[in-house]
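Below are the chains, spelled out letter by letter.
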Amino acid sequence: MTSDSNPWHHYLNRRMLICAFLGFSSGLPLFILLSLLQAWLSKSGLDVKALGLFALVMFPYTWKFLWSPLMDRFHFGKLGRRRSWMMLTQASLFVAIGSMGMLDPHAQVAAIAFMASLVAFLSASQDIVIDAYRREILPDSEQGLGAAINVNAYKVAGMVPGALSLFLADHMSWQAVFWITAGFMLPGLVCTLMIKEPAVYGAPPKNLRQAVVLPFQEFIARDGWRSALWVLAFIFLYKLGDSMATALATRFYIDLGFSLTQIGVISKTTSLWASLVGGLVGGIWMVQIGINRALWIFGVVQAVTILGFAWLAQAGPDPLVLAIVIGGEAFGVGLGTAAFVAYIARTTDPRYTATQYALFTSLAAVPRTFINSSVGYIVAETGWFHFFILCFVLALPGMLILFKVAPWNEKTENPVAS
């Protein structure tokens, strides 16, 4: 049996191992900012208002497409265009994370804010080049599984600053904790030094102007303005309903009467694992059916699980229903995200992967960043049950656009089995 006819060739190969290492390296800095930094500053006695302002350091993740052309245009050293940027960002993150922990949270809050912003900038930059590298080493039939492994490794990375580092902080100095946590960047750095540079397809941009202009020009010229607008609309809308439904999930559970302990225990025991399973199942299944059909099937599951929240709103504070709803939604998100990320990867031109990928993922984050800010006003007018019905309805336009951007029977990829 040839490797092409054996689906396990797609599941167990060196490319998937690379996706796991780089996904872990990509997720670690974000969760350091979300978990470890917050715990450190809280323990130091920083007031809640000042602590809340530290959310502003996440700014680079939303605007990373602005400097992504630099990573398509320039490279340095002998490692090549992708690996040189990965090495630079990973080594810099190791130093920046460790150095941040050496500052005094009582007297150097401004310096800590600067270092946290630097970590966010380096982390967003690392995401740009890792996304580009993953797109370029994986064939279309493996994009879904590669994306799923990358996302799952990303989530697993959160257990280091969110659990291990907090445990260590009870037994040693914060300076030591930050350097130990920073050390978890080193496996990704070693991986970068050991892997090969992906093949360059076509001529890369020759100057910065081309690096900025050509990615947008190519995307529009590929199938015309109308097709480009359909693709952008799909990227914007595909996960809109689910994103809105979970924007105030914790407040919803509290309003129903669940205790914080119930919410924390049930969420932690179902959400992470259901999401991991959903991502892996989606990635493996996508190898068989292809990206287009996965977008249809997984999109339906993703939309239907939103109705679970409406069911919970009617059922009231039933812990079993809460577990089913949280687990089902996380599983559906895992499926939908695997297909969605694979579609974005397939849509990028390999010559301009960094810029186009960063642009598409930034657009996909707009609903989470801006539209979700209106959720509280909508809930106040409609109530929870009708709000979740509205979220389900808002999931449908993205599904309908699939007729234009990913028809069920279109042969744009080479799945192992049809």
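In what follows, the structure referred to is the one given above.
As the structure is a prediction and not an experimental result, all values here were calculated from the model. (Residues numbered from 1 in each chain as written. Predicted model: local features only at pLDDT ≥ 70, side-chain atom pairs only at ≥ 80, totals over all residues. Heavy atoms only, no water.)

Caption draft 1: View of the overall build of the protein. Tallying secondary structure elements over the protein gives 24 helices and 0 strands in all. Compactness check: the protein gives a C-alpha radius of gyration of 22 Å against a globular reference of 22 Å for 418 residues, within 12% of the reference. The principal-axis extent of the C-alpha atoms belonging to the protein is close to 55 × 55 × 45 Å. Put simply, the protein has 418 residues, and 51% of those count as buried. If the 27 positive side-chain charges of the protein are averaged to one point and the 21 negative ones to another, these points end up 7 Å apart. (Helix = DSSP H or I, 4+ residues; strand = E, 2+ residues; numbered from the N terminus. Rg over C-alpha atoms; globule rule 2.2 N^0.38 Å. Buried < 20%, exposed > 50% of the residue type's maximum accessible area, 1.4 Å probe, protein only. Lys, Arg positive; Asp, Glu negative; His and termini not counted. Charge placed at Lys NZ, Arg CZ, Asp CG, Glu CD.)

Caption draft 2: Spatial organisation of helix α2 (residues 14-43). Here α2 contains 30 residues, and its C-alpha end-to-end distance of 42 Å stays within 8% of the 44 Å for a straight helix at 1.5 Å per residue. Of all bends in α2, the biggest is about 40°, found at Ile32. One side-chain oxygen of the residue at the start of α2 lies 3.0 Å from the amide nitrogen of Arg15, identifying that residue as Asn13. A positive backbone phi angle near 95° is found at Gly45, which sits one or two residues after α2. (Expected span 1.5 Å × (residues − 1). Bend = angle between axes of the 7 residues up to and from the residue. Polar contact = N/O pair within 3.5 Å; in protein donor to acceptor, adjacent residues only side chain to side chain.)

Caption draft 3: Up close: the packing of aromatic side chains. Under the definition given, this model contains 24 aromatic pairs. Ring centres 6.1 Å apart and planes at 80° place the aromatic pair Trp384 and Phe387 in the edge-to-face group. Note that Trp384 and Phe387 are positioned in helix α22 (residues 384-394) at a spacing of 3 residues, about one turn of the helix. For the pair formed by Trp384 and Phe387, the shared burial category is buried. Within the aromatic cluster, the residues linked to one another by ring pairs are Phe252, Tyr253, Phe309, Trp384, Phe387 and Phe388. (Phe/Tyr/Trp six-rings, centres within 6.5 Å; stacked < 30°, edge-to-face > 60°.)

Caption draft 4: Quick peek at a nonpolar patch on the surface. A cluster of nonpolar residues, Leu70, Phe74, Leu208, Val212, Val213 and Phe216, forms a patch on the protein surface that exposes about 430 Å² of accessible area. Its place among the elements puts Leu70 in helix α5 (residues 68-73). (Patch = residues over 30% accessible without salt bridge, like charges linked within 9 Å, V, L, I, M, F, W, Y side chains within 5 Å. Areas by Shrake-Rupley, 256 points an atom, 1.4 Å probe, with all protein chains shown as cover. Salt bridge = Lys/Arg side-chain N within 4 Å of Asp/Glu carboxyl O.)

Caption draft 5: Structural context of the environment of Leu66. Tracing the backbone through its elements, the reader meets Leu66 in the loop between α4 (59-62) and α5. Owing to a relative accessible area of 57%, Leu66 belongs among the exposed residues under this scheme.

Caption draft 6: Inspection of the side chain of Thr181 at higher detail. When you line up the elements, Thr181 lands in helix α10 (residues 174-182). There is a polar contact of 2.7 Å between the side chain of Thr181 and the backbone oxygen of Val177. For Thr181, the residues in contact, after removing those within four places along its chain, are Leu28, Ile32, Leu36, Val160, Pro161 and Ser165. (Contact = heavy atoms within 4.5 Å.)

Caption draft 7: Molecular detail of the environment of Glu136. Topologically, Glu136 is positioned in helix α7 (residues 109-137). Here the side chain of Glu136 touches Arg82 through a polar contact of 2.8 Å, side chain to side chain.

Caption draft 8: The arrangement of the state of the cysteines in detail. For the structure shown, the criterion picks out 0 disulfides. With no disulfide of its own, Cys191 lies closest to Cys19 among cysteine sulfurs, the gap being 9.3 Å. (Disulfide = S-S within 2.5 Å.)

Caption draft 9: Quick look at the environment of Arg222. The residue Arg222 is located in helix α12 (residues 208-223) in this model. When its relative accessible area of 33% is taken as the criterion, Arg222 is described as partly exposed. Along the chain, Arg222 and Leu280 lie 58 residues apart, while their C-alpha atoms are 32 Å from each other. With residues near it in sequence (within four places) discarded, Arg222 still touches Thr347, Thr348, Asp349 and Gln356. There is a polar contact of 2.6 Å between the side chain of Arg222 and the backbone oxygen of Thr347.

Caption draft 10: Geometry of the packing of α7 against helix α8 (residues 143-157). In the contact formed by α7 and α8, the axes pass within 10 Å of each other and the chain directions differ by 150°. The orientation of α7 relative to α8 falls into the category roughly antiparallel. Note that α7 runs across α8; the crossing there is right-handed. Facing Asp127, Ile130, Arg134 and Arg135 of α7, the residues of α8 in contact are Gln143, Gly146, Ala147, Asn150 and Tyr154. Each residue belonging to the contact of α7 with α8 can be placed in one class, and the counts come to 3 nonpolar, 3 polar and 3 charged. (Axes fitted to C-alpha atoms, helices over the stretch in contact; angles between N-to-C directions. Parallel < 35°, antiparallel > 145°, perpendicular 65-115°, else oblique. Left-handed = near helix turned anticlockwise from the far one by under 90°. Nonpolar A, V, L, I, M, F, W, Y, C, P; charged D, E, K, R; others polar.)

Caption draft 11: Highlighting the pattern of salt bridges. Here the structure, examined in full by the defined rule, presents 7 salt bridges. Asp255 is paired through a salt bridge with Arg251; the nearest N and O atoms lie 2.9 Å apart. You can see Asp255 and its partner Arg251 sitting in helix α15 (residues 249-256), 4 residues apart, about one turn around the helix. Residues participating in the shared-partner salt-bridge network are Asp72, Arg81, Arg82 and Glu136.

Caption draft 12: Fine view of the layout of surface pockets. The calculated volume of the second largest pocket comes to roughly 340 Å³. Together, 17 residues line the second largest pocket, and Arg222, Asp223, Val231, Tyr343 and Thr347 are the ones closest to its centre. Of all the secondary structure elements, the ones that give two or more residues to the lining of the second largest pocket are α12, α13 (225-237), α19 (319-347) and α24 (402-405). (1 Å grid on protein atoms, 1.4 Å probe; cavity = no way out; pocket = protein on both sides within 12 Å on 5 of 7 lines; lining within 4 Å. Points joined across faces, edges and corners; volume = space filled by probe spheres on them.)

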